[in-house]
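So you can see what is in the structure, the chains are spelled out below.
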Amino acid sequence: MTGILPSYQRFVNGVPVPSISRRSFRLREKYLIISVLLTFGIVWLGALFYLPEFKSSTSVNDSVYNVYKRIQKAGPELLMPPPLAQNEVGDFPVVGIARHGEGGDDPHVVEDRNRLQAKIDEDMGMKVLERPQFDVAPSGSSSRGPSKPPVDAIEEPALGNNAANKNVSPSNQKVDSSVQKYVIPALDPGTDVDVRHKRDTVKEMMRHAWNNYKLYAWGKNELKPMSKRAHLTSVFGGGDLGATIVDGMDTLYIMGMMDEFREGRDWIADHFHINEIDTDLSVFETTIRFVGGLLSCYALTGDMVFRDKAAEVADALLPAFDTPTGIPYALINPSNKVNRQYHWAGANSILSEVGTLHMEFTYLSEVTGNDIYRQKVDRIRDVLHNIQKPEGLYPNYINPRTGMWGQRHTSLGALGDSFYEYLLKAWLVTNNEDEQARMMFDEAMQPALDKMLRTSPSGLSYLAEVKYGRVYEEKMDHLSCFAGGMFALASTTLQNTLSDRYMDVAKKLTHTCHEAYARADTKLSPEAFRFSGAAEARAMKSNEKMYLLRPETFESYFILWRLTKDQKYRDWGWEAVQALEKHCRVEGGYTGLVNVYHPTPLGDDVQQSFFLAETLKYLYLLFSDDSLLPLEEWVFNTEAHPFPVKDRNPLYRAAPKPPLLVHEDNRL
């Protein structure tokens with residue numbers, strides 16, 4: 001029998017002689033085997049001691065569970081049962097105890113069985129894989145869903161005092177019932193039946209969007225309504241930040257959807273921990289959606305959980321402000337506090353981002369009594385106020401290390417838009433105390449309108465983009481359509497030499513934005529539209545033809561309706577509602593569109609969190625009475641989260657200031 005090691009035939013004078021099988025490895029073969037074994041050993045030791053999932057864990061069970069969560073993000077088709085749950089029993093943690101349903105079935109076995117059946121159904125019927133319904137309650141340690149199963153029929157509380165004054169509290173915490181809450185005013189009994197129907201339609205849209213998010217992506221940031229699973233590549237990544245929950249909470253509240261509001265509140269209280277997120281977050285997006293959304297809920301309810309969570313988020317962002325000028329970096333990792341800029345922006349920060357933090361950070365200082373947040377944004381304001389403006393314009397890029405402008409590109413759309421919005425709204429929300437903000441707004445608008453406001457051959461007004469003082473592109477972003485509402489507010493809140501021009505511009509820009517909707521086959525606007533040659537208010541490039549469920553035009557409809565009572569703004573809003581229902585509504589929620597000029601467009605399979613926070617909120621308010629969030633008492637941040645106006649709104653909730661101590665010699 002031949003040995004397992006190689007043997008060789010020997011010859012002497014051309015005559016074969018018997019060979020002797022080798023009994024050992026050659027030296028180089030020994031080295032090779034030892035190298036392979038050492039490699040496996042090093043990899044194993046590295047995985048054990050240096051992977052963050054193991055290094056940061058306090059127990060083997062925690063480590064395995066963290067690894068499982070990371071693998072789980074690879075997709076819903078991994079039928080990998082989770083490790084044993086870790087629950088608290090008495091005063092001691094007990095590993096390996098899983099709570100099951102009354103029937104005693106293991107929920108993980110039932111889940112795998114249902115998933116396997118769904119996969120079989122998919123292969124047989126070639127249909128989209130749906131998340132199965134579970135016949136047992138989820139494990140007590142699960143944080144992926146609400147405590148009660150999702151339902152389609154939601155029992156609505158009565159409007160008025162009963163709806164607004166219900167205590168919003170989880171099962172294990174209590175909220176002081178004496179705290180004043182925002183009372184949702186009942187709809188005027190004389191309201192037209194048709195208007196009631198339109199308002200109820202928007203509310204039903206919110207219910208459809210929320211319930212499907214709850215069913216397929218609870219705790220994740222956004223929903224893929226066509227795939228019926230979580231959207232893991234959103235602006236906030238695949239972490240469990242619940243962006244849709246936080247962003248949509250105040251919309252639920254003002255619509256009177258209190259059961260859903262309590263579910264969201266419980267999740268925020270128990271599972272929202274931003275410092276555990278190990279991914280880069282946008283300082284701007286995190287501020288307007290999370291800090292803004294939480295502060296809005298605090299103003300509406302007085303629930304301290306929202307205020308404290310807002311402070312937790314802001315504290316996680318503060319290291320981004322540690323620059324020579326105080327202008328923050330664009331991105332921060334809350335886990336390791338590492339900051340960086342967008343790669344496409346080079347060393348620069350973005351004007352619309354650094355200039356759109358003032359409302360949230362200032363109000364957070366007001367309600368917490370901690371002045372650190374106000375100091376951060378006041379320093380940004382000082383830099384922008386004192387820096388030289390080329391031809392009176394604010395370029396879109398600024399270097400946070402040198403405080404110098406980057407590219408001389410100016411826009412009232414992407415990269416610039418909300419900076420100007422916050423100059424006006426910082427003045428409004430302080431009840432006109434922030435005079436510097438209003439002065440900067442008026443000074444910026446005069447050269448901006450002179451250089452950027454254009455009129456097409458057919459008479460459509462639009463805001464072009466400027467580079468080095470000259471028109472760069474005859475193009476207007478959908479993002480710029482907020483400007484109609486902004487100029488209308490500027491016109492009616494302060495009478496000066498610019499008031500009439502502001503209102504005229506507001507109406508003309510909003511009309512142009514409506515034309516962008518009306519000229520599309522779907523009656524929904526593209527992401528950007530151009531005014532060149534024969535094309536007016538139409539997108540020309542493929543990447544401009546999409547509709548991302550954006551709200552800016554509806555914001556202008558709402559504000560102009562409140563200020564002018566012109567019926568066309570409600571009519572235009574209802575046209576948009578019908579278009580959303582026809583083209584964007586799918587079984588699993590609402591999707592954006594790839595091409596608004598196609599009669600049967602494809603969906604982009606993303607239900608944006610701002611669809612619940614802004615789009616549906618503005619449409620609902622458009623068909624509501626003026627008594628619901630009156631503009632004299634509330635100012636909306638750029639994510640449509642309402643903030644109370646200081647000294648006008650009793651829900652401002654400023655923290656009591658510490659008393660001044662006066663010494664005997666009259667020193668403070």
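Please read these numbers as outputs of a predicted model, since none were measured by experiment. (Residues numbered from 1 in each chain as written. Predicted model: local features only at pLDDT ≥ 70, side-chain atom pairs only at ≥ 80, totals over all residues. Heavy atoms only, no water.)

Peer 1: How should I be thinking about the overall build of the protein chain in this particular structure?
Peer 2: Broken down by element type, the protein chain carries 20 helices and 23 strands. The buried share of the protein chain, reckoned over its 668 residues, is 53%. Counted over contacts in the protein chain with a minimum sequence separation of 6, partners at least 24 positions apart contribute 65%. On the protein chain, roughly 31000 Å² of surface is accessible, and the fraction owed to carbon and sulfur atoms is 54%. (Helix = DSSP H or I, 4+ residues; strand = E, 2+ residues; numbered from the N terminus. Buried < 20%, exposed > 50% of the residue type's maximum accessible area, 1.4 Å probe, protein only. Contact = heavy atoms within 4.5 Å. Areas by Shrake-Rupley, 256 points an atom, 1.4 Å probe, with all protein chains shown as cover.)

Peer 1: Which parts of the structure should I look at to understand helix 14 (residues 417–429)?
Peer 2: Given 3.6 residues to a turn, an α-helix orients residues that are three or four positions apart in the same direction. With 13 residues, helix 14 extends 18 Å from end C-alpha to end C-alpha; this agrees with the ideal 18 Å at 1.5 Å per step. The buried fraction of helix 14 amounts to 13 of the 13 residues, a majority that puts the element mostly inside the structure. Asn431 occupies a position one or two residues after helix 14 and carries a positive phi of about 60°. (Expected span 1.5 Å × (residues − 1).)

Peer 1: What is the right way to read the packing of aromatic side chains from this model?
Peer 2: Given two aromatic rings, their pairing is described by the distance between the two centres and the angle made by the two planes. Per the stated rule, a full pass over the model turns up 32 aromatic pairs. Here Tyr590 and Phe611 contribute two aromatic rings whose centre-to-centre distance is 5.1 Å and whose plane-to-plane angle is 40°, an arrangement assigned as tilted. With Tyr590 in strand 21 (residues 589–590) and Phe611 in helix 20 (residues 609–622), this residue pair connects regions lying 21 residues apart in the sequence. Neither Tyr590 nor Phe611 differs from the other in exposure class; each is buried. The structure contains a cluster of three or more aromatic residues connected by ring pairs, namely Tyr517, Tyr547, Phe554, Tyr557, Tyr569 and Trp572. Between Arg438 and the ring centre of Trp427, over which it is positioned, the NZ or CZ distance is 4.7 Å. When the ring centre of Tyr298 is taken as origin, the NZ or CZ atom of Arg653, which lies over that ring, is 5.9 Å away. (Phe/Tyr/Trp six-rings, centres within 6.5 Å; stacked < 30°, edge-to-face > 60°. Lys NZ or Arg CZ within 6 Å of the ring centre and 35° of its normal.)

Peer 1: Hey, could you run me through the nonpolar core in this one?
Peer 2: Nonpolar side chains in soluble globular proteins tend to be buried together. Counting residues in hydrophobic clusters, the biggest one holds 162 residues, and the most contacted among them are Phe272, Met445, Phe487 and Tyr547. The element contributing the most residues to this core is helix 9 (residues 283–301), with 11 residues. (Core = buried A, V, L, I, M, F, W, Y, C linked by side-chain atoms within 4.5 Å.)

Peer 1: Before we go on, may I ask you to explain helix 20 in this structure?
Peer 2: With 14 residues, helix 20 should reach 20 Å at 1.5 Å per residue; the first-to-last C-alpha distance of 20 Å fits that figure. Taken as a whole, helix 20 carries its principal kink of about 30° at Leu616. Burial analysis of helix 20 places 14 of its 14 residues in the buried class, the great majority of the element. (Bend = angle between axes of the 7 residues up to and from the residue.)

Peer 1: What is the right way to look at the pairing of strand 16 (residues 470–473) in this model?
Peer 2: Consecutive side chains of a regular strand alternate in pointing toward one face of the sheet and then the other. Two strands pair when backbone bridges link them, and strand 15 (residues 465–467) and strand 16 are joined in this way by three bridges, in the antiparallel orientation. Pairing of Val466 across the sheet is with Val471, part of strand 16. (Pairing = 2+ DSSP bridges.)

Peer 1: For this particular structure, what's the right way to read the pairing of strand 18 (residues 528–532)?
Peer 2: Taken across its five residues, strand 18 has four buried, putting it largely inside the fold. In terms of strand pairing, strand 17 (residues 475–477) meets strand 18 through three bridges, oriented antiparallel. Residue pairing for strand 18: Lys475 is matched across the bridge by Arg530.

Peer 1: Before we go on, may I ask you to explain the sheet that holds strand 12 (residues 409–410) in this structure?
Peer 2: The strands that make up a sheet are held in pairs by hydrogen bonds between backbone atoms, and each pair lies either parallel or antiparallel. Here three strands make up an open sheet; going across it, the order is 12-15-16 and the pairing antiparallel. If you trace the sheet from one side to the other, it starts and ends with strand 12 and strand 16, each paired once. Strand direction decides the pairing type here: strand 12 and strand 15, joined by two bridges, are antiparallel. By the bridge assignment, His409 is partnered in strand 15 with Lys467.

Peer 1: Whenever I open this one, a nonpolar patch on the surface confuses me. Can you help?
Peer 2: On the surface, Leu27, Tyr31, Ile34, Leu38 and Ile42 cluster together into a nonpolar patch covering about 570 Å² of accessible area. Relative to the helices and strands, Leu27 resides in helix 1 (residues 27–49). The exposure class of Leu27 is exposed, given its relative accessible area of 54%. (Patch = residues over 30% accessible without salt bridge, like charges linked within 9 Å, V, L, I, M, F, W, Y side chains within 5 Å. Salt bridge = Lys/Arg side-chain N within 4 Å of Asp/Glu carboxyl O.)

Peer 1: Explain the environment of Ile254 here, please?
Peer 2: Mapped onto the elements, Ile254 comes out in helix 7 (residues 243–254). The exposure class of Ile254 is buried, given its relative accessible area of 1%. As for Ile254 and Leu621, which are separated by 367 residues in sequence, their C-alpha atoms are 9.2 Å apart. With sequence-adjacent residues up to four places away left out, Ile254 is seen in contact with Ile184, Lys617, Tyr620, Leu621, Leu628 and Leu629.

Peer 1: Can you walk me through the pattern of salt bridges in this structure?
Peer 2: Should the charged atoms of two oppositely charged side chains come close, the side chains can pair. Under the criterion given, the structure shown has 37 salt bridges. Taking the shortest distance from any N to any O, the salt bridge between Arg340 and Asp280 comes out at 2.7 Å. Here the residue Arg340 occupies a position in strand 9 (residues 339–340), and Asp280 occupies one in the loop between helix 8 (258–271) and strand 7 (281–282), the gap between them amounting to 60 residues. On the basis of relative accessible area, Arg340 is assigned to the partly exposed category, the value being 31%. Glu285 is the salt-bridge partner of Arg289, the closest N and O atoms lying 2.9 Å from each other. Placement of the pair is Arg289 and Glu285 together in helix 9, with a separation of four residues, close to one helical turn. We note that Arg289, like Glu285, is buried.

Peer 1: So what exactly am I meant to see when it comes to the packing of helix 17 (residues 499–518) against helix 19 (residues 567–584) here?
Peer 2: Axes are the key here: two packed helices are described by the angle between their axes and the distance separating the axes. Across the interface, helix 17 lies against helix 19 with an axial gap of 12 Å and an inter-helix angle of 25°. Taken together, the axes of helix 17 and helix 19 lie roughly parallel to each other. The handedness of the crossing between helix 17 and helix 19 is left-handed. Taken together, the residues of helix 19 that come into contact with helix 17 (itself represented by Lys507, Thr510, His511 and His514) are Tyr569, Trp572 and Glu575. Of the residues contributing to the contact of helix 17 with helix 19, the split by class is two nonpolar, three polar and two charged. (Axes fitted to C-alpha atoms, helices over the stretch in contact; angles between N-to-C directions. Parallel < 35°, antiparallel > 145°, perpendicular 65-115°, else oblique. Left-handed = near helix turned anticlockwise from the far one by under 90°. Nonpolar A, V, L, I, M, F, W, Y, C, P; charged D, E, K, R; others polar.)

Peer 1: Is there a simple way to think about the sheet that holds strand 19 (residues 535–538) in this case?
Peer 2: Reading across the sheet, the three strands line up as 17-18-19 and stay open at both edges, with antiparallel pairing between neighbours. Lying at the two open borders of the sheet, with one neighbouring strand each, are strand 17 and strand 19. Neighbouring strand axes in the sheet, compared pairwise and without regard to direction, differ in orientation by 15° on average. Two strands pair when backbone bridges link them, and strand 18 and strand 19 are joined in this way by three bridges, in the antiparallel orientation. Residue Ser532 lies in a different strand from strand 19, and its bridge partner there is Ala535. Lying on the sheet, helix 17 is in contact with strand 17, strand 18 and strand 19; it crosses strand 18 at an angle near 105°.

Peer 1: Quick question: what am I supposed to make of the environment of Asp247 here?
Peer 2: Structurally, the position occupied by Asp247 is in helix 7. Overall, Asp247 belongs to the buried group, its relative accessible area being 0%. Discounting chain neighbours no more than four positions away, the residues touching Asp247 are Arg289, Ser609, Phe610, Ala613, Glu639 and His641.

Coordinates in, geometry out; function isn't part of it.
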